[in-house]
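Geometric and topological summary
Residues per chain are reported as follows:
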Amino acid sequence: MTTSGLHETPLHALHLELGGRMVEFAGYAMPVQYPTGILTEHQHTRAAAGLFDVSHMGQIRISGPDAAAVLETLVPGDIKGLAPGRQRYTLLTNEEAGILDDLMVTNAGDHLFVVVNAGCKHDDLAHLQARIGDRVTIEPQFDRALLALQGPAAAAVLQRLAPEIAGQGFMTGRAVAVDGVPCFVTRSGYTGEDGFEIAIPAEHGEGIARRLLAEPEVKPIGLGARDSLRLEAGLCLYGHDIDTTTTPIEAGLNWVIGKRRRAEGGYPGAAVVADQIANGTTRRRVGILPEGRQPAREGTSLTDAAGNPVGTITSGGFGPSFGGPVAMGYVETAHAGDGTPLQAVVRGQPRPARVAPMPFVPHRYYRP
Amino acid sequence: MSAIKFTEEHEWIRVEGDVGTVGITDFAQSQLGDVVFVELPAVGRQVTKGGDAAVVESVKAASEVYSPVTGEIVAVNEAIVDEPAKVNSEPMDGAWFFKVKLANPAELDAMMDEAGYAAFVDGQH
């Protein structure tokens, strides 16, 4: 905490030095963009490699003899089936199957390495401690640095500092020395591109960031481009596209419910999820393409062709790589089919749009 | 000679005769970031001082452009609809938004001149 009242990441001084435009995000001072701007940062990430400071996110270690089985009591993912070194996207759910947070879980061998959203991390930690704290050891590591290196050149760049990562597949993680510093590196991200997230002891965060930025392919990328990249990739932003009022099935995240978990249940809201898998939901998260050039942003009402309300946009903006406006949101199931014509009511004016498959820009993950 | 005036909403208006050409300032475009969409008023529309006249959207956000004066829209700059990035690259000249025929030129009197606006922007940092 600083005089501004905001938390700062271990890279704060570097952001200022790089000319980052700092904004409040989840209680942290974070760069929304650097001087080159969001459009250039976005396109650079898809063309070469972008470095993102995501140290505001929450790193948590969960350990104990039955850590996977115990964590399964809070998430619908197959954690017991996660082989050492494998990573999985899952959700913390409540008794109504509302989503408390989305998170990444990696089987790190002697513990589970968990990364949760910045805005949820304190609530998540309290939830974990209250529900499973007597059966596993929960260690928050909220002071550590977390860097994301994303883009088609990310692997070539990181291999110069950490030769061991060569060949490491998408959604895997391991302890690796990066430039001699002990780190935990997962091949994952939030852009739809190949890339890595590098968990680093706080005191080495800035040094590794500088080392990566010294590579010719790498530029610093702010939260603005992080948002436009993930939107084009069709990835949910917690608190916008998913929250406690949406279920995994409404959100179209059926794939996160492990096959065994569908049969066994045993997580908060499992009965609601089972019912929704069997009987469907009244609304669904879908991709939406506004016609023309005008973005339709979060909160924009959606109507059918006759003007009847059918849903709301939860994330929307301009997709720099797509080359036009892109959005996602919830619509009544009857209007959720690909190609269904809708109208997005922007500043009181109905504008034609249609339901479209996501991602809007193809994923390019590394699957050896 | 033309006179240029500025609003606290970061529009500029350059007046020649009874017609004012309106755009957004370099400070405004730098705050918005990369402009990706512009919506302009219809020619012939009546606008009022401080009222909505156009829309400019960056990757990040949408913003209204207000008319600095009351009057009738007599021309719009379609070039910035076709190429919104011009708003970033030439905000003070090539990327003008619209021309308005002034109903009440006295509205200009209270607006900031170039030096006054520069001081106003300094105070915004």
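A short tour of the structure in this document, coming up. (Residues numbered from 1 in each chain as written. Chains lettered and ligands numbered in written order. Predicted model: local features only at pLDDT ≥ 70, side-chain atom pairs only at ≥ 80, totals over all residues. Heavy atoms only, no water.)

Helix and strand content of chain A: nine helices and 19 strands. What you see for chain A is a C-alpha radius of gyration of 20 Å, in line with the 21 Å of a compact globule of 368 residues. Looking at chain A as shown, the accessible area adds up to about 14,100 Å², and 53% of this sits on carbon and sulfur atoms. Between the averaged position of the 32 positive side-chain charges in chain A and that of its 39 negative side-chain charges there is a distance of 6 Å. (Helix = DSSP H or I, 4+ residues; strand = E, 2+ residues; numbered from the N terminus. Rg over C-alpha atoms; globule rule 2.2 N^0.38 Å. Areas by Shrake-Rupley, 256 points an atom, 1.4 Å probe, with all protein chains shown as cover. Lys, Arg positive; Asp, Glu negative; His and termini not counted. Charge placed at Lys NZ, Arg CZ, Asp CG, Glu CD.)

Another aspect to go through is the sheet that holds strand 17 (residues 324-332) of chain A. Residue and element names in this part refer to chain A. Here six strands make up a closed barrel; going around it, the order is 14-17-16-15-18-19 and the pairing antiparallel. Geometrically, the sheet is characterised by an average inter-axis angle of 40 degrees between neighbouring strands, direction not taken into account. Here strand 14 (residues 283-290) runs beside strand 19 (residues 349-356); their pairing, made up of four bridges, is antiparallel. Looking at strand 19, one finds that leucine 289 is bridged to arginine 354. (Pairing = 2+ DSSP bridges. Axes fitted to C-alpha atoms, helices over the stretch in contact; angles between N-to-C directions.)

Residues and elements named next belong to chain A. Note on placement: serine 315 falls in strand 16 (residues 309-319). Take serine 315: its relative accessible area is 4%, and that puts it in the buried class. Here arginine 230 takes part through its side chain, which lies 2.7 Å from a polar atom of the side chain of serine 315. Sequence-distant contacts of serine 315, defined by excluding residues within four places in its chain, comprise Arg230, Leu231, His240, Asp241, Glu298, Ala327 and Met328. (Buried < 20%, exposed > 50% of the residue type's maximum accessible area, 1.4 Å probe, protein only. Polar contact = N/O pair within 3.5 Å; in protein donor to acceptor, adjacent residues only side chain to side chain. Contact = heavy atoms within 4.5 Å.)

Bringing helix 5 (residues 154-161) of chain A into the picture now. For helix 5 of chain A, every residue scored as buried is listed here: Ala154(A), Ala155(A), Val157(A), Leu158(A) and Leu161(A). All buried residues of helix 5 of chain A lie within an arc of 160 degrees about the axis, which places them on one face of the element. (Arc of directions from axis to C-beta.)

Moving on, we come to the environment of Gly44(B). All names here are of chain B. Turning to its location among the elements, glycine 44 is positioned in the loop between strand 4 (35-39) and strand 5 (46-47). Residue class for glycine 44 comes out partly exposed when judged on its relative accessible area of 34%. Distance from glycine 44 to isoleucine 73, taken between C-alpha atoms, is 5.1 Å for residues 29 residues apart in sequence. Beyond its immediate chain neighbours, meaning those up to four positions away, glycine 44 contacts Glu72 and Ile73.

Before going further, it helps to spend a moment on the nonpolar core. In terms of nonpolar packing, the biggest core is built from 28 residues, with Leu149(A), Leu158(A), Val178(A), Val185(A), Ile198(A) and Leu212(A) touching the most fellow members. Top contributing element to this core by residue count: helix 5 of chain A, with five residues. Ranked by size, the runner-up nonpolar core spans 26 residues in total, among them Val22(B), Leu40(B), Phe97(B) and Phe98(B). (Core = buried A, V, L, I, M, F, W, Y, C linked by side-chain atoms within 4.5 Å.)

Across all of its chains, the model carries six aromatic pairs over all chains by this definition. Between the aromatic rings of Phe322(A) and Phe360(A), the centroid separation amounts to 6.1 Å while the plane-to-plane angle is 70 degrees, which identifies the pairing as edge-to-face. Separated by 38 residues along the polypeptide, Phe322(A) in the loop between strand 16 and strand 17 and Phe360(A) in the segment after strand 19 bring together distant segments of the chain. Residue Phe322(A) is classed as partly exposed on the basis of its relative accessible area, which comes to 36%. An aromatic cluster is built from Phe6(B), Tyr117(B) and Phe120(B), whose rings are joined through pairwise contacts. Its end group placed over the ring of Phe142(A), Lys121(A) keeps NZ or CZ at 4.8 Å from the ring centre. (Phe/Tyr/Trp six-rings, centres within 6.5 Å; stacked < 30°, edge-to-face > 60°. Lys NZ or Arg CZ within 6 Å of the ring centre and 35° of its normal.)

Attention now moves to the environment of Val70(A). Residues and elements named next belong to chain A. Structurally, valine 70 is set in helix 3 (residues 67-71). For the pair valine 70 and isoleucine 132, spaced 62 residues apart in the sequence, the C-alpha separation amounts to 6.8 Å. Each residue touching valine 70, except ones within four places of it in the same chain, is listed here: Ile132, Arg135 and Val136.

Residue and element names in this part refer to chain A. Counted as a void, the second largest pocket has a volume near 230 Å³. Looking at the second largest pocket, it is lined by 17 residues, and the ones nearest its centre are His7, Tyr28, Lys121, Phe142 and Asp143. Top element by residues in the lining of the second largest pocket is helix 4 (residues 121-132). It accounts for three residues. Per-class residue counts for the lining of the second largest pocket are seven nonpolar, five polar and five charged. Looking at the lining of the second largest pocket, you find at least three residues from each of domain 1 (12-55 + 144-232) and domain 2 (59-127 + 247-279). (1 Å grid on protein atoms, 1.4 Å probe; cavity = no way out; pocket = protein on both sides within 12 Å on 5 of 7 lines; lining within 4 Å. Points joined across faces, edges and corners; volume = space filled by probe spheres on them. Nonpolar A, V, L, I, M, F, W, Y, C, P; charged D, E, K, R; others polar. Domains from an automatic or database assignment.)

Each partner contributes residues to the interface: chain A has 15 residues there, and chain B has 14 residues. Note on chain A versus chain B: buried area summed over both sides is about 1,300 Å², and carbon and sulfur give 49% of it. For chain A, the biggest contributors to the area lost against chain B are Arg21(A), Arg297(A) and Arg347(A); these three give 42% of the whole. One can count three salt bridges joining chain A with chain B. A salt bridge links Glu57(B) to Arg297(A); the nearest nitrogen and oxygen atoms lie 2.8 Å apart. Breaking the side of chain A that touches chain B down by element, the ones donating at least two residues are strand 2 (28-33) and helix 2 (38-47) of chain A. Tallied by class, residues from the side of chain A that touches chain B come to five nonpolar, five polar and five charged. (Buried area = accessible area lost by both parts, 1.4 Å probe. Salt bridge = Lys/Arg side-chain N within 4 Å of Asp/Glu carboxyl O.)

Turning our eyes to something else, we now look at the pattern of salt bridges. Residues and elements named next belong to chain A. Throughout the structure, instances matching the rule amount to 25 salt bridges over all chains. Taking the shortest distance from any N to any O, the salt bridge between glutamate 215 and arginine 211 comes out at 2.8 Å. Judged by its relative accessible area of 11%, glutamate 215 falls in the buried class. Where arginine 230 meets aspartate 241, a salt bridge forms, and the shortest distance between an N and an O atom there is 2.8 Å. Of the two residues, arginine 230 sits in helix 7 (residues 223-232) while aspartate 241 sits in the loop between helix 7 and helix 8 (259-264), which places them eleven residues apart along the sequence. Pair check on accessibility: arginine 230 and aspartate 241 agree, each one buried.

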